[in-house]
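Per-entry structural report
Here are the chains, one letter per residue:
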Amino acid sequence: MVTALGLAVLSFLDLPSDGPLPPPLLSPPISSCLVAGSQTEMAAFAAQTDLVTGWCLFGLALLVIVAFCWVYVRKYQSRRESEVISTITSIFALAIALITSALLPVDIFLVSYVKNQNGTFKDWANANVTRQIEDTVLYAYYTLYSIILFCVFLWIPFVYFYYEEKDDDDGNTCAQVQTACKYTLGFLLVCAALLIIGAFVPLTIPNKNNSTEWERVKLLFEEFGSSHGLSALSFSISSLTLIGMMAAITYTAYGMSALPLNLIKGTRNASYERLENTEDIEEVEHSIQRIKAKCKDGRPLPSRDRRTLQQLEDKLRTLRRRGRHLEYIEKSCWTRFCGAMRPLKIVWGVFFILVALLFTVSLFLSNLDKALHSAGIDSGFIILGTNLTNPLNMLLPVLQTVFPLDYILITIIIMYFIFTSMAGIRNMGIWFFWIRLYKIRRGRTRPQALLFLCMILLLIVLHTSYMIYSLAPQYVMYGSQKYLVLNNVSIDGQLANMTSWVPKDCDANAPGDQCTVTRTYLFLHKFWFFSVAYYFGNWAFIALFLIGLVVSCCKGKKSVIEGEVDEDDSDISDDEPYLSFG
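Note that residues are indexed from 1 along each chain, following the sequence as it is written. Only residues with pLDDT of at least 70 are given local features in this predicted model, and only at 80 or more are side-chain atom pairs given and counted; all residues enter the totals for whole chains, interfaces and linings. By convention in this description, side-chain values take in all heavy atoms of the structure and omit both hydrogens and water.

Some points on the overall build of the protein
Basically, it comes down to this: Secondary structure follows DSSP: runs of H or I at least 4 residues long count as helices, runs of E at least 2 residues long count as strands, and numbering of each begins at the N terminus. Burial status follows relative accessibility: with a 1.4 Å probe on protein chains alone, a residue under 20% of its type maximum counts as buried, one over 50% as exposed, and anything between as partly exposed. Only heavy atoms matter for contacts: two residues are in contact if any of them lie within 4.5 Å across the pair.
The helix and strand tally for the protein stands at 17 helices and four strands. Counting all 582 residues of the protein, 46% fall into the buried class. For the protein, the proportion of contacts with a sequence separation of at least 24, taken over those separated by at least 6, is 80%.

Remarks on the nonpolar core
Which entries qualify depends on this criterion: For this analysis, a nonpolar core means a set of buried residues of the types Ala, Val, Leu, Ile, Met, Phe, Trp, Tyr and Cys, connected via side-chain atoms within 4.5 Å.
One finds Leu98, Ile148, Phe359 and Ile425 to be the most contacted residues of the largest nonpolar core, which totals 121 residues. Beyond its immediate sequence surroundings of up to four residues, Phe359 is in contact with Met256, Leu392, Ile413, Tyr416, Phe417 and Leu471. Grouped together as the second largest cluster of nonpolar side chains are nine residues, Val284, Leu301, Leu309 and Leu316 included.

A look at a negative patch on the surface
How we decide: Grouping into patches uses exposed residues only, defined as over 30% relative accessible area, and leaves out salt-bridged ones; the cut-off is 9 Å for like charges and 5 Å for nonpolar side chains (Val, Leu, Ile, Met, Phe, Trp, Tyr). Here, Shrake-Rupley sampling with a 1.4 Å probe gives the accessible areas, and only protein chains in the shown set may cover a residue. By convention in these notes, a salt bridge is any Lys or Arg side-chain nitrogen within 4 Å of a carboxyl oxygen on Asp or Glu. For the purpose of counting charges, residues Lys and Arg are taken to be positive, whereas Asp and Glu are taken to be negative. His and the chain ends are not included. To locate a charge, the coordinates of NZ of Lys, CZ of Arg, CG of Asp or CD of Glu are taken.
A cluster of acidic residues, Glu279, Asp280, Glu282 and Glu283, forms a negative patch at the surface. Secondary-structure assignment places Glu279 in helix α8 (residues 270–292). Assessed through its relative accessible area of 47%, Glu279 is described here as partly exposed.

A short note on empty space enclosed by the protein
Formally: Put plainly, a pocket is an open set of points on a 1 Å grid over the protein atoms alone with protein on both sides within 12 Å along at least five of seven lines, a cavity is a set where a 1.4 Å probe fits but cannot get out, and a lining residue has an atom within 4 Å of a point. Grid points are joined across faces, edges and corners, and a volume is the space filled by probe spheres set on the points.
For the coordinates displayed, the defined rule picks out five cavities of 30 Å³ or more. Taken as a whole, the largest cavity encloses approximately 80 Å³ of empty space. Looking at the largest cavity, it is lined by 13 residues, and the ones nearest its centre are Tyr145, Ile237, Thr241, Leu462 and Leu524. Those elements that provide at least two residues to the lining of the largest cavity are α3 (84–113), α7 (228–265), α14 (447–471) and α16 (519–524).

As for the layout of surface pockets
Of the voids in this model, the second largest pocket is the one considered here, and its volume is about 910 Å³. Elements that contribute at least two residues to the lining of the second largest pocket include exactly α4 (127–168), α5 (173–200), α7, β1 (430–432) and α14.

Examining the side chain of His463
Turning to its location among the elements, His463 is positioned in helix α14. Setting aside its immediate chain neighbours within four residues, His463 contacts Thr241, Gly244, Met245 and Ala248.

Description of the state of the cysteines
Note the following rule: Any pair of cysteine sulfurs within 2.5 Å is marked as a disulfide.
Scanning the model with the defined rule gives zero disulfides in all. With no disulfide of its own, Cys69 lies 7.8 Å from the sulfur of Cys454, the closest cysteine sulfur. This cysteine, Cys554, is not joined by any disulfide, and Cys553 carries the nearest cysteine sulfur, 6.7 Å off.

Section: the packing of helix α11 (residues 342–373) against α14
How we decide: Interaxial angles span 0 to 180 degrees and are taken between N-to-C directions of axes, which are lines fitted to C-alpha atoms, for helices over the stretch in contact. Comment on the angle field: the value is read as roughly parallel under 35 degrees, roughly antiparallel over 145, roughly perpendicular from 65 to 115, and oblique elsewhere. Any residue outside Ala, Val, Leu, Ile, Met, Phe, Trp, Tyr, Cys, Pro, Asp, Glu, Lys and Arg is labelled polar, Gly included; the first ten of those are nonpolar and the last four are charged.
Interaxial distance between α11 and α14 falls to 8 Å at its minimum, and their mutual angle equals 75°. If you check the angle between α11 and α14, you find them roughly perpendicular. Residues Phe359, Ser362, Leu363, Ser366 and Lys370 of α11 form the contact with α14, whose own contacting residues are Tyr466, Met467, Tyr469, Ser470 and Leu471. Each residue belonging to the contact of α11 with α14 can be placed in one class, and the counts come to six nonpolar, three polar and one charged.

Quick notes on the confidence of the model for the protein
Stated formally: pLDDT is a residue-level measure of predictor confidence that goes from 0 to 100.
A residue-level look at the protein finds 77% of positions with pLDDT of 70 or above and a mean pLDDT of 76. Long-range and interchain partners of residues 1–37, a stretch whose pLDDT sits below 50, account for eight contacts in this model, where long-range means more than four residues apart. Predicted confidence is poor over residues 570–582, with pLDDT under 50, and the contacts of this stretch with residues over four places away or in other chains come to 51 contacts.

A look at a nonpolar patch on the surface
Where nonpolar side chains cluster on the molecular surface, the patch consists of Leu60, Leu62, Leu63, Val64 and Val66 and spans about 430 Å² of accessible area. Mapped onto the elements, Leu60 comes out in helix α2 (residues 28–76).

Examining the pairing of strand β2 (residues 435–438)
Just so we agree on the cut-off: Note: two strands are recorded as paired if DSSP finds a minimum of 2 bridges between them.
Pairing between β1 and β2: three bridges, direction antiparallel. When the bridges of β2 are listed, Phe432 appears paired with Ile435. Linking two consecutive strands that pair antiparallel, namely β1 and β2, is a turn of two residues; a positive phi of about 60° is found at Phe433 within it.

A word on the pattern of salt bridges
According to the stated counting rule, one finds five salt bridges in the structure shown. Residue Glu285 is joined to Arg320 by a salt bridge in which the shortest nitrogen-to-oxygen separation is 2.9 Å. Of the two residues, Glu285 sits in helix α8 while Arg320 sits in helix α9 (residues 303–331), which places them 35 residues apart along the sequence. Judged by its relative accessible area of 28%, Glu285 falls in the partly exposed class. The closest approach of N and O atoms between Asp314 and Arg317, which form a salt bridge, is 2.1 Å. You can see Asp314 and its partner Arg317 sitting in helix α9, three residues apart, about one turn around the helix.

Here's the deal with the environment of Tyr142
Within the fold, Tyr142 resides in helix α4. Beyond its immediate stretch of four places on either side in the chain, Tyr142 contacts Leu230, Leu233 and Phe523.

Notes on the side chain of Ser90
As a reminder, the rule being used: Polar contact is the term for a pair of N or O atoms within 3.5 Å; when the atoms are in protein, one must be able to donate a hydrogen and the other to accept it, and sequence-neighboring residues count only if both atoms are side-chain atoms.
Within the secondary structure, Ser90 sits in helix α3. For Ser90, a relative accessible area of 1% gives the class buried. Within the structure, Ser90 has its side chain in polar contact with the backbone oxygen of Ser86 (distance 2.8 Å).

This is the structure we're talking about:
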């Protein structure tokens, strides 16, 4: 019966009964299309899963950043003059800057993920998908940079001048708001001027005859588009980044040497300092008694002696405050714990100085490469390939292949710049030319100083993206992307040569449809004259770091209450001692 049924089926299909077994009911072309389609769908699903994973890690980093900013601001704000609005403003502004920097490795990961390590595009990575990924990152930058402009030119100035007016005229809220709006209007005019200039400034790069490099530079930036709104935003952010560069040269370069050397050298002994302070108190009291003895018979003191007496009494008050702080520090358990952890501090100091030297060497090699092999000053020293390798430029592309190792390293670099900048600000204070405006002290920083601090850190973090590009230009431009090139291979015994496709790291020589440039790089280099300023700023950064290293080496140990009690306090200080965690 089975045989009869088989013959009936064969006759229905019009096949010979003695022939081979028929193929499946689906013809080979249809079945292969379904298999290929299912494989494509599976690949697309896997791609979407990995992309969502990348963005989820970015979301996790966002939560960590917000928590870090809250702890950081609360650590430094004054316990007596804490204001809710200034605290929220400081946390938000610093968090937005750090989130913008955290978008850098996501940008690099996404452009790298569309290609395989052999230089071919992944099955799902067609032109539309790649453009959609690029647009997603671009819109994220639009949003974050717009919020940064809002913070720098509207929110922070308004809150700062509101509290400045509050100090001068307590209780009159309307006057405070009017004064804050008046000064904030000036910042808004500056912002409007930057946006207008950025929208209409000519972007044409000066031409250079008989140079194919110039054509590649122009094609590179044509990919970014020519929208006036995009140009205005890029110009404004580049202007802020330029200010951040000057802040980094002032504070970060010095902090990179001061922080590790202070950890290595440690602080002076609290008991010895207290003994010295007691001797100074006795000496000042004896001087005061000697001056007062001149007027025991009722004669008035000369003006010179009155000025001297006033200075000695001010000095005595400062010394007694120092004595109270030193006594508290000497008896605290935290001081004993820090003494026990002294070897660990030395290890961290040595590690930080090695990291600082690594950054400096990498920055020097990158700048030297631009000086020798870039397209010239008229192009903003844009380099079209890496000729002098540096350690970080080699390490980051390797780590980028195992997500999120490069994300972790970028986070460490950004946090390192934050802490070294903070060390520089704490050691130097906030200055306006030769006038010191504020000191930054743990638990003693006024609301205005806190806003100034977060504004400076925001600008420094903006400049950090360019610093990372300077340290690893190949990584920031293309990540781990590769493209295929034809390679001729000669075979012994044969007259003809064989050609094969060999993967090569992406650079400016790659075809335009084979490598995708990160949005970060194009944002940073849209205006060539800013790139020129960044280039010379890197040389100034290296010089200031070396000068700061020499100064830090020559300076002695810091006081155990360094910066806590000074005669020339420019802000209100609390009398209660505050334990140092540094």
